Amino acid sequence: GAGVSQTPSNKVTEKGKYVELRCDPISGHTALYWYRQSLGQGPEFLIYFQGTGAADDSGLPNDRFFAVRPEGSVSTLKIQRTERGDSAVYLCASSLLGETGRTGELFFGEGSRLTVL
Amino acid sequence: GDSVTQMEGPVTLSEEAFLTINCTYTATGYPSLFWYVQYPGEGLQLLLKATKADDKGSNKGFEATYRKETTSFHLEKGSVQVSDSAVYFCALNQAWGNDYKLSFGAGTTVTVRA
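Below is a short write-up of the structure.

So, how was this worked out
Residues numbered from 1 in each chain as written. Chains lettered and ligands numbered in written order. Predicted model: local features only at pLDDT ≥ 70, side-chain atom pairs only at ≥ 80, totals over all residues. Heavy atoms only, no water. Phe/Tyr/Trp six-rings, centres within 6.5 Å; stacked < 30°, edge-to-face > 60°. Helix = DSSP H or I, 4+ residues; strand = E, 2+ residues; numbered from the N terminus. Buried < 20%, exposed > 50% of the residue type's maximum accessible area, 1.4 Å probe, protein only. Salt bridge = Lys/Arg side-chain N within 4 Å of Asp/Glu carboxyl O. Core = buried A, V, L, I, M, F, W, Y, C linked by side-chain atoms within 4.5 Å. Contact = heavy atoms within 4.5 Å. Polar contact = N/O pair within 3.5 Å; in protein donor to acceptor, adjacent residues only side chain to side chain. Disulfide = S-S within 2.5 Å.

Time to look at the packing of aromatic side chains. Inspection of the entire model under this criterion finds 11 aromatic pairs over all chains. Ring geometry for phenylalanine 108 of chain A against tyrosine 36 of chain B: centres 5.8 Å apart, planes inclined by 85 degrees, an arrangement best described as edge-to-face. Placement of phenylalanine 108 of chain A in strand E10 (residues 107–108) and of tyrosine 36 of chain B in strand E5 (residues 31–38) is noted, with the two residues assigned to different chains. For the pair phenylalanine 108 of chain A and tyrosine 36 of chain B, one class covers both residues: buried. Members of the aromatic cluster, connected to one another through ring pairs, are Tyr35, Phe45 and Phe108 of chain A together with Phe34, Tyr36, Phe89 and Phe104 of chain B.

Here's what the structure looks like:
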């Protein structure tokens, strides 16, 4: 009974480097979400996938952030030219799409902690 | 925009004490309200929810009532255990449309001592 799996659990990188964070959702969940949690704050929405397509990417902070989900399952969040301000825990969640299109309960992974030096 | 304000922590209690974590919200329309919990070393998980005014959500001995008149959704438990030590997040979303977008409070860390 696997839950949402995120790798790596910890990533330390240098300013300016490229980073990829991976999310493996619960099998059969069509909806996938990325949230970001900065220190001392609650999670903030980044992007939502329904199947392979990004249905809403309005939370991505700028064009250095990009996410893909090519086969409608695993998703990768990509951050280019990382900055110290990108340091945070990146959370992935998945859900079924409920009745009448409403979102079902979100199931979260443990997160990937990114530290940019 | 929609937002949630919750009681700052950390909160430290003795076992069997009464716990209240205050949460108030600002939102247009008729949001759904949630409490999420994050136990040490685990991901966020839904604790309880309420989808309309006067609804009471309950789970694991925790309760919260959706109060539209005071725009509040306070979390309560009558007798806490050490295993309730966790970070608690109040959250809301809009019931229709982009209901996948949760707005979270900053979280309240609760530590229960034996």
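And the narrative resumes.
All right, on to the pattern of salt bridges then. Under the definition given, this model contains six salt bridges over all chains. For aspartate 56 of chain A, the salt bridge is made with lysine 101 of chain B, and the minimal N-O distance between the two is 3.4 Å. You can see aspartate 56 of chain A sitting in strand E6 (residues 53–56) and its partner lysine 101 of chain B sitting in the loop between strand E10 (86–94) and strand E11 (103–104), one on each of two chains. Residue aspartate 56 of chain A is classed as buried on the basis of its relative accessible area, which comes to 12%.

Turning to the nonpolar core, a few remarks are in order. By size, the foremost hydrophobic cluster in this structure holds 26 residues, and its most contacted members are Trp35, Phe73, Leu75 and Tyr88 of chain B. At the level of secondary structure, the elements contributing two or more residues to this core comprise strand E2 (11–14), strand E3 (19–21), strand E4 (23–26), E5, strand E6 (45–50), strand E8 (62–65), E10 and strand E12 (108–113) of chain B. By residue number, the principal contributor to this core is E10 of chain B, which donates four residues. Once you skip the residues sitting within four places of it in the chain, leucine 75 of chain B turns out to touch Leu19, Thr20, Ile21, Trp35, Leu47, Leu48, Phe62, Glu63, Ala64 and Tyr88 of chain B. Formed by 20 residues, the second largest nonpolar core is a distinct cluster that contains Val19, Ile47, Leu77 and Cys92 of chain A.

Below, the discussion takes up the side chain of aspartate 56 of chain A. Within the local environment of aspartate 56 of chain A, its side chain forms a polar contact with the side chain of lysine 101 of chain B, the two groups lying 3.4 Å apart. Other than its neighbours up to four places away in sequence, aspartate 56 of chain A contacts Phe45, Leu46, Ile47 and Tyr48 of chain A together with Tyr100 and Lys101 of chain B.

Next up on the list: the state of the cysteines. All chains considered together, the criterion is met by two disulfides over all chains. The disulfide partner of cysteine 23 of chain A is cysteine 92 of chain A, and the gap between their sulfur atoms is 1.9 Å. Judged by the torsion about the S-S bond (-70 degrees), the cysteine 23 of chain A/cysteine 92 of chain A disulfide is left-handed. Taken together, the positions of cysteine 23 of chain A in strand E3 (residues 19–24) and cysteine 92 of chain A in strand E9 (residues 88–95) put the pair 69 residues apart, joining distant regions of the chain. Exposure class is identical for cysteine 23 of chain A and cysteine 92 of chain A. Each is buried. Disulfide pairing is shown between cysteine 23 of chain B and cysteine 90 of chain B; the S-S distance is 1.9 Å. Taking the sign of the torsion about the S-S bond as the criterion, the disulfide between cysteine 23 of chain B and cysteine 90 of chain B, at about -70 degrees, is left-handed. Here cysteine 23 of chain B, found in strand E4, pairs with cysteine 90 of chain B, found in strand E10; they are 67 residues apart in sequence, far enough to count as distant. Cysteine 23 of chain B sits in the buried class, given a relative accessible area of 1%.

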